Amino acid sequence: LIIARALWGLAYSHLRLAAHLTALDMTDNRSRGKLFGIFNSGQRAGSFAAVTAGAFLSSAYDRDVTFTVLAAIGVIGVLIATRAPMLTPAVPIANADTTPTSGGGIWRILVGASDDVSLHLRRLMLSISFLRFSTAFAANGLAIATVTPYIEEILEGDATLFGAGINVVTLAGILVGVRWFSNLALAVPFGHVADVFGRRRTIAVGITLMLASLAMAGLSHNLELVVLSLPVLFLSGALLETALDAAMGESTPQKSRPAGMARYGTWLDLGAAIGPILGFVIGERFGFSTGYWIAVIVVGLAATLYVRESRPRARLKDVSG
């Protein structure tokens, strides 16, 4: 089962990379955010169907039937994908910022940049990847994993929410449900927003909301603030997911896109994996609210790096020589 789960993760990584490259190749930056939103919404729809249908099948039948049905659905998806018409890629836009620089080995590891990518573009790609790492660390990892014990920790002092009694599991389930609902229902509108207002502005709004909600959630032993802040955190995470996906693809030169988007996905997965681990380690020793303040620091550092590397003035200077 462990081997099968590892192979599934490898397959999913390849599918995600193919979807990202398709969204980048099939259109220009006027609608790429929307395409990324369609993909993010679609995969969350699949996640929702799997956990609901999977729970029903496993309770009504057994594990073998559940895995067989889900595998059959996957086979149908493969048949559809392999028989879909080949689309004509959009004409790639030449990137003027391709002055060769040294140190290509470490940059290929970090962001998948080829040797002819300039230092500025490499740093921009790294800043976007690190920002995606930090948002996944905060919203996809730490917050989702620790929401139940954090609520239990707060309820030890006051077992009410706005003066009414509350069930921990029910409340945690509702809050986590907001996270998946935001991706399922709002990824496409968020992608359209990123197309209309630009990646940098959309990312700035998302980061501001995320930092504010993390700080509010970190206020110790105040359940009302946590309940009000976590939905904002999850919504900002969904907004940033789509905007950063598009920003990374558009900042990566055509030649480096496959490797660049693959490294970007690794940064995302790394943040989502480290978040729960550090969240529980820190929470058990210092209290779960401390983890949110750690997340504020990590996201804040990543946002500062991105703002510095994505400044229009710096980019124009590089392109002009």
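Here, every reference points to the structure presented above.
Residues numbered from 1 in each chain as written. Predicted model: local features only at pLDDT ≥ 70, side-chain atom pairs only at ≥ 80, totals over all residues. Heavy atoms only, no water.

## Focus: the overall build of the protein chain
Scanning the protein chain from N- to C-terminus turns up 11 helices and 2 strands. Look at the contacts in the protein chain between residues 6 or more apart in sequence, and 76% of them connect residues 24 or more apart. Of the roughly 16400 Å² that the protein chain leaves accessible, carbon and sulfur atoms contribute 69%. (Helix = DSSP H or I, 4+ residues; strand = E, 2+ residues; numbered from the N terminus. Contact = heavy atoms within 4.5 Å. Areas by Shrake-Rupley, 256 points an atom, 1.4 Å probe, with all protein chains shown as cover.)

## As for the packing of aromatic side chains
Following the criterion strictly, the structure yields 7 aromatic pairs and no others. For the pair F130 and F133, a centre-to-centre distance of 5.9 Å together with 15° between the ring planes defines the contact as stacked. Taken together, the residues F130 and F133, both in helix 5 (residues 119–155) and 3 residues apart, mark about one turn of the helix. Among the residues examined, F130 registers a relative accessible area of 22% and is labelled partly exposed. (Phe/Tyr/Trp six-rings, centres within 6.5 Å; stacked < 30°, edge-to-face > 60°. Buried < 20%, exposed > 50% of the residue type's maximum accessible area, 1.4 Å probe, protein only.)

## Here's the deal with the packing of helix 1 (residues 2–25) against helix 9 (residues 257–286)
Helix 9 packs onto helix 1 with a crossing angle of 130° between their chain directions and a minimal axis gap of 10 Å. Relative to helix 9, the element helix 1 is oriented oblique. Crossing geometry of helix 1 relative to helix 9 is assigned as right-handed. Here S13, R16, L17, H20, L21, L24 and D25 of helix 1 lie close against helix 9, whose contacting residues are R257, P258, M261, A262, G265, L268 and D269. Of the residues in the contact of helix 1 with helix 9, the class split is 7 nonpolar, 3 polar and 4 charged. (Axes fitted to C-alpha atoms, helices over the stretch in contact; angles between N-to-C directions. Parallel < 35°, antiparallel > 145°, perpendicular 65-115°, else oblique. Left-handed = near helix turned anticlockwise from the far one by under 90°. Nonpolar A, V, L, I, M, F, W, Y, C, P; charged D, E, K, R; others polar.)

## Points about the nonpolar core
Most often, soluble globular proteins keep nonpolar side chains buried together rather than apart. Of all hydrophobic cores here, the largest spans 61 residues; its most connected members are I151, I203, L214 and L230. Among the secondary structure elements, those contributing two or more residues to this core are helix 1, helix 4 (104–111), helix 5, helix 6 (168–197), helix 7 (199–217), helix 8 (223–251), helix 9 and helix 10 (288–309). Per-element tally for this core: the top contributor is helix 5, with 18 residues. Other than its neighbours up to four places away in sequence, I151 contacts V168, L171, A172, L175 and L223. (Core = buried A, V, L, I, M, F, W, Y, C linked by side-chain atoms within 4.5 Å.)

## Things to note about the pattern of salt bridges
Going through the model one piece at a time under the given rule, you end up with 9 salt bridges. The closest approach of N and O atoms between R179 and E241, which form a salt bridge, is 3.9 Å. Of the two residues, R179 sits in helix 6 while E241 sits in helix 8, which places them 62 residues apart along the sequence. E241 matches R179 in its accessibility class, with the two residues each being buried. Here E250 makes a salt bridge to R199, at a shortest N to O gap of 2.7 Å. Taken together, the residues E250 in helix 8 and R199 in helix 7 connect sequence positions 51 residues apart. (Salt bridge = Lys/Arg side-chain N within 4 Å of Asp/Glu carboxyl O.)

## Thoughts on helix 6
The largest bend in helix 6 is about 65°, located at L186, with the proline P189 one to four residues further on. Just beyond helix 6, the residue with positive phi is G198, at close to 95°. (Bend = angle between axes of the 7 residues up to and from the residue.)

## With respect to the side chain of R16
Note that R16 resides in helix 1. In this view, R16 contacts F39, G265, L268 and D269; residues no more than four positions away in its chain are not counted.

## Brief notes about the packing of helix 6 against helix 8
Following both chains from N to C, one finds helix 6 and helix 8 inclined at 35°, their axes separated by 7 Å at the closest point. Both helix 6 and helix 8 take part in a crossing whose hand is right-handed. On the side of helix 6, the interface is formed by L171, L175, V176, V178, R179, S182, N183, L186, A187, F190, G191 and A194, while helix 8 contributes L223, V227, L230, P231, F234, L235, A238, L239, E241, T242 and A243. Residues of the contact of helix 6 with helix 8, tallied by class, amount to 17 nonpolar, 4 polar and 2 charged.

What is shown is where atoms sit, not what they do.
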